[in-house]
Number of protein chains: 2
Amino acid sequence: MEKVQVQSSTNNYQIIIGNGLMKDISHYLTKEYSSILIITDDKVADLYLQKIKLGLPKDRVFEAIVPAGEQSKSIDIFYRLHTDAIKFGLDRHSLIIALGGGVVGDLAGFVASTFMRGIDFVQVPTTILAHDSSVGGKVAINHELGKNMIGNFFAPVSVIYDVETLSSLSKKEVRSGYAEIMKESMISDDRMFNEIRDTRLDRITNHQLQKHLSYGIEVKAAIVQEDEKESGVRKYLNLGHTLGHALEAEMGYGKLTHGEAVAIGLLFSLHVSNEIYGANLPFQSLFTWLKENDYPIDITNWDYDAVINRMKSDKKTTNKQIQMVLLKEIGKPTVEKINDDALKTYLQSFKGKLVSK
Amino acid sequence: MEKVQVQSSTNNYQIIIGNGLMKDISHYLTKEYSSILIITDDKVADLYLQKIKLGLPKDRVFEAIVPAGEQSKSIDIFYRLHTDAIKFGLDRHSLIIALGGGVVGDLAGFVASTFMRGIDFVQVPTTILAHDSSVGGKVAINHELGKNMIGNFFAPVSVIYDVETLSSLSKKEVRSGYAEIMKESMISDDRMFNEIRDTRLDRITNHQLQKHLSYGIEVKAAIVQEDEKESGVRKYLNLGHTLGHALEAEMGYGKLTHGEAVAIGLLFSLHVSNEIYGANLPFQSLFTWLKENDYPIDITNWDYDAVINRMKSDKKTTNKQIQMVLLKEIGKPTVEKINDDALKTYLQSFKGKLVSK
């Protein structure tokens, strides 16, 4: 079992990573609650809802199940969960448990942050990708016009990461999660980048997974502690995300997973970094790793103008100027403003490189 | 011009109260913004929108107008305002100005607190009642099943109170605002209580109004600074509100103004305090003041069970037990849990007292 301590302006909390934690979840709750609402999705419910309930009190534990997928981060489902919480009689001393991946964490966390102006919530992530959203207290739902546009900074009271639950993940989910771990290595550490790049995701061991997960959480926790509200270094965590978010939105949420979209964004960030800084970043080696691990990188049908417009409505945009995180070298992130014309040129030359290889 | 400094966990801000501040509003903004969205309602827009715009930059100032009234604190309007903000191209360095009463403040504040996870907002209150919601950082919208159920703690960066705008208030609005000032006096100061009780609202002078307003803001600011998250003394601000909120919801928001509903709640709190503590609180004198100033206090058609059920879904309820703020004497508030049967008895004897006098 490993523990990572995260400090936020509102509270300090622990991320506990270990095998079989779920069935003993009550041990890790820090106080008594008047009632508990478990928010999860229909896929995770089938696998783990009964299991987690075995670890909780018999009385006043309720459940709300949403459809699996990004589409559940909608205003309608957000409101419906508030309705459930009121009908179940939750009060200010109740707890919300977010059982699931990043979608459930973001959604349930935003409900918890706004229900009666904020009640406690605990995250129980069931995907690799969710290691990312479980640190940093960002919670949100999507607007039709942009991802995570409606949200809050609201930290959980604890995160209980039961790695046992990760063995049931599909290849697509493993891929999606590893895109963020790859990103964390790219902004922090050359050695770790090489290690991840040498990992074949279809042959990953539990030992590797646990190591990479803790590593990713530590990278993110260190950054978030330094800059909770994203005015400085936290921006670096958006490596690959400006394009990634735009792609997700443009393709329709759910067509391309978050991690798959980010993976394309990571490759694009290396391309732009090499162009702007004349750097020698390992574009080809990342490209090969992505192909070997079956990341979808077919970009032949992109509508560049539409993608650029999506990038402009990204939350990181200031005064309509697109900001991108780039790298001077692995472990040395920077932020650049890039104008629309330049961006279009980079997108075109990026496409050229993908097609020619 | 008077200034009250308010300290919150997230920021310190000033409430500036004075004559004719609106036309110079730019002087009171603490930084440059990439764009400004004024959120107001249709009634206030007619009176003050052009005036405030004269005081703001010519470029990148947008407006969003919602229907006047509590009904605008809905999830639909909340979402529509997010749509507007995105379409106008607001970013993280934009400002939202809440121009209007408490409804606009709560709604626009909640939009600001959740747009891209929070951007600056400034309140420009145009009612007496809004002095209350302008202190304390509580922002929220209503759920069909309960008032202010979906919200946040999010402080404005400043509050600009232009008392000139209060001369256009209707008698009903003056009444509604004075119920909160009355409450502030009841929980803090016998002398002030007597002064308010000796005030005839139809003959109020500007001098009195300004004095009472500053007084109310100071009472509230002192309490909120001591207890931002409502774990202790802040509860006292709910004097009259447990019943008040239930009445508003039961009658349908908008039928009874917030202040009118609270006024009945204040009188009820004196009744219950006298019953429980055997105290000698000025029930009769407050009752007379309410009648003299035309507060609607006809409660003959109440459905007690429905009202009690509403009180139970109030946010202050813990473990389904209704909490009420009571007074041991004027200026000495307390909190008591009251069970449903006792509450029903008090409501019946309250009705008896109102009808017999």
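Residues numbered from 1 in each chain as written. Chains lettered and ligands numbered in written order. Predicted model: local features only at pLDDT ≥ 70, side-chain atom pairs only at ≥ 80, totals over all residues. Heavy atoms only, no water.

A. Layout of the overall build of chain A. Along its length, chain A carries twelve helices and eleven strands. Rg of the C-alpha trace for chain A: 20 Å, near the compact-globule value of 21 Å for 357 residues, within the 12% margin. Projected onto its principal axes, the C-alpha positions of chain A cover 60 × 40 × 35 Å. Out of the 357 residues belonging to chain A, those deemed buried represent 63%. Of the contacts formed within chain A by residues at least 6 apart in sequence, a portion of 74% connects residues at least 24 apart. Total accessible area on chain A stands at roughly 13400 Å², and carbon and sulfur atoms take up 47% of it. Computed over 42 positive and 45 negative side-chain charges, the separation of the two mean positions in chain A equals 2 Å. (Helix = DSSP H or I, 4+ residues; strand = E, 2+ residues; numbered from the N terminus. Rg over C-alpha atoms; globule rule 2.2 N^0.38 Å. Buried < 20%, exposed > 50% of the residue type's maximum accessible area, 1.4 Å probe, protein only. Contact = heavy atoms within 4.5 Å. Areas by Shrake-Rupley, 256 points an atom, 1.4 Å probe, with all protein chains shown as cover. Lys, Arg positive; Asp, Glu negative; His and termini not counted. Charge placed at Lys NZ, Arg CZ, Asp CG, Glu CD.)

B. Broad picture of the interface of chain A and chain B. Taken residue by residue, the interface counts 39 residues in chain A and 39 residues in chain B. For the pair chain A and chain B, the summed buried area comes to about 3500 Å², and 61% of that belongs to carbon and sulfur atoms. Joining chain A to chain B, the criterion identifies zero salt bridges. There are eleven residue pairs in polar contact (both at pLDDT 80 or more) connecting chain A and chain B. (Buried area = accessible area lost by both parts, 1.4 Å probe. Salt bridge = Lys/Arg side-chain N within 4 Å of Asp/Glu carboxyl O. Polar contact = N/O pair within 3.5 Å; in protein donor to acceptor, adjacent residues only side chain to side chain.)

C. Seen up close, the relation of the copies chain A and chain B. Laying chain A over chain B is done by rotating through 180° and shifting 0.0 Å along the axis; what remains is an RMSD of 0.0 Å. The two molecules are tied by a two-fold rotation axis, judged by turn and shift. Proximity to the rotation axis, assessed at the C-alpha, singles out A:Ile75 in chain A; its C-alpha lies 4.1 Å from the axis. Counting the interface residues of chain A, we find that 100% of their copies in chain B are interface residues as well, pointing to one common contact surface. (Least-squares fit on C-alpha atoms with pLDDT ≥ 70 in both.)

D. Region of the structure containing the packing of helix H9 (residues 258–277) of chain B against helix H10 (residues 283–292) of chain B. Residues and elements named next belong to chain B. At their nearest, the axes of H9 and H10 sit 10 Å apart, and the two run at 165° to each other. With respect to H10, the element H9 is oriented roughly antiparallel. Two packed elements cross with a definite hand, and for H9 against H10 that hand is left-handed. Each of Ala263, Leu266, Leu267, Leu270, His271 and Asn274 in H9 lies in contact with H10, whose residues at this interface are Phe283, Leu286, Phe287 and Leu290. (Axes fitted to C-alpha atoms, helices over the stretch in contact; angles between N-to-C directions. Parallel < 35°, antiparallel > 145°, perpendicular 65-115°, else oblique. Left-handed = near helix turned anticlockwise from the far one by under 90°.)

E. Spotlight on the side chain of A:Ser113. With respect to the element layout, A:Ser113 can be found in helix H3 (residues 102–114). Ignoring anything within four residues of it in the chain, the contact list for A:Ser113 reads A:Gly118, A:Val139, A:Asn152, A:Phe154, B:Gly151 and B:Asn152.

F. The arrangement of the UniProt feature "binding site: NAD(+)" (unreviewed entry) in chain A in detail. Residues and elements named next belong to chain A. Taking the UniProt record as the reference, the feature "binding site: NAD(+)" (unreviewed entry) is found at Gly102, Val103, Val104, Gly105, Asp106, Thr126, Thr127, Lys138 and Lys147. Position of Gly102 among the secondary structure elements: in helix H3. Look past the residues within four positions of Gly102 in its chain and what remains in contact with it is Thr127, Ala130 and Ser133. One can find Thr127 in the loop between strand E6 (120–125) and helix H4 (130–133). Not counting the four nearest positions on each side in its chain, Thr127 is found in contact with Gly101, Gly102, Tyr161, Leu166, Leu169 and Glu173. (UniProt positions renumbered as here; feature names shortened; annotations may be inferred.)

G. Quick peek at the pattern of salt bridges. Inspection of the entire model under this criterion finds 36 salt bridges over all chains. As a salt-bridge pair, A:Lys147 and A:Glu248 come within 3.4 Å of each other at their nearest N and O atoms. Highlighted residues: A:Lys147 in strand E8 (residues 146–153) and A:Glu248 in helix H8 (residues 241–251), separated in sequence by 101 residues. Its relative accessible area of 8% is what places A:Lys147 among the buried residues. The class of A:Glu248 is buried, set by a relative accessible area of 2%. Across the pair B:Lys172 and B:Glu260 runs a salt bridge whose closest N-O atoms are separated by 3.2 Å. Of the two residues, B:Lys172 sits in helix H5 (residues 171–186) while B:Glu260 sits in helix H9, which places them 88 residues apart along the sequence. Judged by relative accessible area, B:Lys172 falls into the partly exposed class, the value being 35%. Salt bridges sharing common partners tie together A:Glu70, A:Lys73, A:Asp106, A:Lys147 and A:Glu248.

H. The packing of aromatic side chains, seen in detail. Residues and elements named next belong to chain A. All chains considered together, the criterion is met by 15 aromatic pairs over all chains. When the ring of Phe62 is compared with that of Phe88, the centres are 4.7 Å apart and the planes differ by 10°; the resulting orientation is stacked. Of the two residues, Phe62 is situated in strand E4 (residues 61–66) and Phe88 in the loop between helix H2 (75–87) and strand E5 (95–100); the sequence distance between them amounts to 26 residues. When the centroid spacing of 6.0 Å and the interplanar angle of 45° are considered together, the rings of Phe283 and Phe287 count as tilted. With a gap of four residues between them, Phe283 and Phe287 both fall in helix H10 (residues 283–292), about one helical turn apart. (Phe/Tyr/Trp six-rings, centres within 6.5 Å; stacked < 30°, edge-to-face > 60°.)

I. Representation of the environment of B:Glu218 in the model. As for its placement among the helices and strands, B:Glu218 is situated in helix H7 (residues 206–226). As for B:Glu218 and B:Lys3, which are separated by 215 residues in sequence, their C-alpha atoms are 9.9 Å apart.

J. The arrangement of the domain arrangement of chain A in detail. Residues and elements named next belong to chain A. According to the domain assignment, chain A contains domain 1 (2–168) and domain 2 (172–356). Using C-alpha coordinates to define each centre, domain 1 is positioned 26 Å away from domain 2. In this complex, domain 1 contributes 33 residues to the contact, which on the side of domain 2 involves 33 residues. Between domain 1 and domain 2, the buried area comes to about 2900 Å², and carbon and sulfur atoms account for 61% of it. The largest contributions to the domain 1 side of the interface with domain 2 come from Ile128, His131 and Lys147, which together make up 22% of the buried area. Viewed at the interface, domain 2 and domain 1 are joined by three salt bridges. Between domain 1 and domain 2 we count seven residue pairs in polar contact (both at pLDDT 80 or more) in total. Contributing elements (two or more residues each) for the side of domain 1 that touches domain 2: strand E1 (2–7), strand E2 (12–18), H4, strand E7 (138–143) and E8. Along the lines of polarity and charge, the residues of the side of domain 1 that touches domain 2 split into 13 nonpolar, 14 polar and six charged. (Domains from an automatic or database assignment. Nonpolar A, V, L, I, M, F, W, Y, C, P; charged D, E, K, R; others polar.)

K. Structural context of unusual backbone geometry. Residue and element names in this part refer to chain A. Phi is positive for Arg117, close to 65°, though the residue is something other than glycine. Following the sequence through the fold, Arg117 ends up in the loop between H3 and E6. Unusually for a residue other than glycine, Asn148 sits at a positive phi of about 55°. Take Asn148: it is sitting in strand E8.

L. Region of interest: the sheet that holds strand E3 (residues 36–41) of chain B. Residues and elements named next belong to chain B. Judged by pairing direction, the sheet is mixed, and its seven strands sit side by side in the order E1-E2-E9-E6-E5-E3-E4 without closing on themselves. Only two strands of the sheet have a single partner each, and these edge strands are strand E1 (2–7) and strand E4 (61–66). On average, each strand axis in the sheet is tilted by 15° relative to the strand beside it, whichever way the strands run. Packing against the sheet, helix H1 (residues 42–54) makes contact with E3, E4, strand E5 (95–100) and strand E6 (120–125), and its axis sits at approximately 145° to E3. Sheet contacts for helix H3 (residues 102–114): E3, E4, E5 and E6; angle to E5, the most-contacted strand, approximately 165°. (Pairing = 2+ DSSP bridges.)

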